[in-house]
Amino acid sequence: MLRLDHATVTYANGLTALHPTSLAFRPGEFTVLLGASGAGKSTLLRCLNGLVTPTAGDVIADGLGSIVSDRRARRRHRRRTGMVFQQHHLIGRLSALDNVLTGRLAAHGFFRSLFPLPRADRRLALAALDRVGILDRALERADRLSGGQQQRVGIARAMAQEPTLVLADEPVASLDPGSAERVLGDLHRICREDGITAIVSLHQVALARRFADRVIALSHGRVVHDGRPEQLGARLLDVIYDTPPADTPPVPLVAAAE
């Protein structure tokens, strides 16, 4: 469905955030990206919807071709890709329902989007809120919802696009453990029910083990693991998170000059 072909990202300051990377993402699979902050997870995700353009290599979408060199293919790919963000990116003064309806704008032309959306879109948005368990908050302002509820609105907005692919960048990083479990559980369930491919970056290893079909781990812009979540043993986690082995001698303290 979607693949990276030796994709590389080097920023203007000379930092290579993603070294040459080739990956293929299978339809309907729930993939988790693991890695420390700065490992390259967000850069990889942003390559997958064209928000970051690789400095070398390519991103190929099934049925569309290159989304790097073909602007029209990139637009079509984005229309079928739902995004879930860490900080929700909701409009606080709008209701939960109106925020979800923004996920329908790409389905209409510019001039049509200037007028109230069709009733069918409203029904779809209400159904999306129902699937994440907050239909009763549909008319409440987004800025009056809890963090977990706001993230559910973000998931509902993504699902209102009727996507074939969902990209989620640290969607539960700001939530308490209980809310994180529920929110990620909602996303996992809906993707399973609808056959949606999901690529989700996380810090929480326990959640990766619980929900992932596949784990791709990055360290310093390189893929260091691509496999099943049950393979996430202590030694592999040390590599992912740059933890020195337990038998590494301590670094001696340097005495202050007298």
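Here we summarise the structure given alongside this text. Per chain, residues are indexed from 1 in the order of the written sequence. Two thresholds apply to this predicted model, a pLDDT of at least 70 for residue-level local features and 80 or more for giving and counting side-chain atom pairs, whereas whole-chain, interface and lining totals are computed over all residues. To obtain the side-chain values, all non-hydrogen atoms of the structure were used and water was disregarded.

1. Quick notes on the overall build of the protein
Numbered from the N terminus, helices here are DSSP runs of H or I no shorter than four residues, and strands are runs of E no shorter than two. For the protein, the helix and strand inventory stands at eight helices and 10 strands. Atoms counted for the radius of gyration: C-alpha only. Globule rule: 2.2 Å times the number of residues to the power 0.38. Here the protein has a C-alpha radius of gyration of 20 Å; the compact-globule value for 258 residues is 18 Å, and the two agree. The dimensions of the protein, computed from C-alpha atoms along their principal axes, are 75 × 40 × 40 Å. Residue burial is assigned from relative accessible area. The probe radius is 1.4 Å, only protein chains are included, and a residue is buried under 20% of its type maximum, exposed over 50%, and partly exposed in between. Counting all 258 residues of the protein, 48% fall into the buried class. Any two residues whose heavy atoms approach within 4.5 Å are treated as being in contact. Long-range contacts, defined here as pairs at least 24 residues apart, represent 68% of the contacts in the protein between residues at least 6 apart. Taken as a whole, the protein presents about 13200 Å² of accessible surface, with 53% of it coming from carbon and sulfur. Computed with a 1.4 Å probe, the accessible areas rest on the Shrake-Rupley method; for each residue, only the protein chains presented here act as cover.

2. Re the sheet that holds strand 8 (residues 197-202)
As summarised here, the arrangement of the six strands in space is 6-7-8-3-9-10, forming an open sheet in which the pairing is mixed. Because the sheet does not close on itself, it has two edges, and the strands there are strand 6 (81-84) and strand 10 (222-227). The sheet shows a mean angle of 15° between the axes of neighbouring strands, direction not considered. Docked against the sheet, helix 1 (residues 41-48) engages strand 3 (30-34), strand 7 (165-169), strand 8 and strand 9 (214-219), running at close to 150° with respect to strand 7. Pairs of strands are assigned from DSSP output, requiring at least two bridges between the strands. Only C-alpha atoms enter the line fits that serve as axes; for helices the fit covers just the stretch in contact. Angles between N-to-C directions range over 0 to 180 degrees.

3. A short note on helix 6 (residues 177-194)
Here, expected helix span is obtained from the residue count minus one, scaled by 1.5 Å. The terminal C-alpha atoms of helix 6 lie 26 Å apart, and with 18 residues this matches the ideal 26 Å at 1.5 Å per residue to within 8%. Buried within helix 6 we find Ser179, Ala180, Val183, Leu184, Asp186, Leu187, His188, Ile190 and Cys191. Looking at the packing, one finds that the buried side of helix 6 touches strand 3, helix 4 (119-131), helix 5 (147-160), strand 7, strand 8 and helix 7 (205-211). Looking at the residues trailing helix 6, positive phi occurs at Gly195, about 70°.

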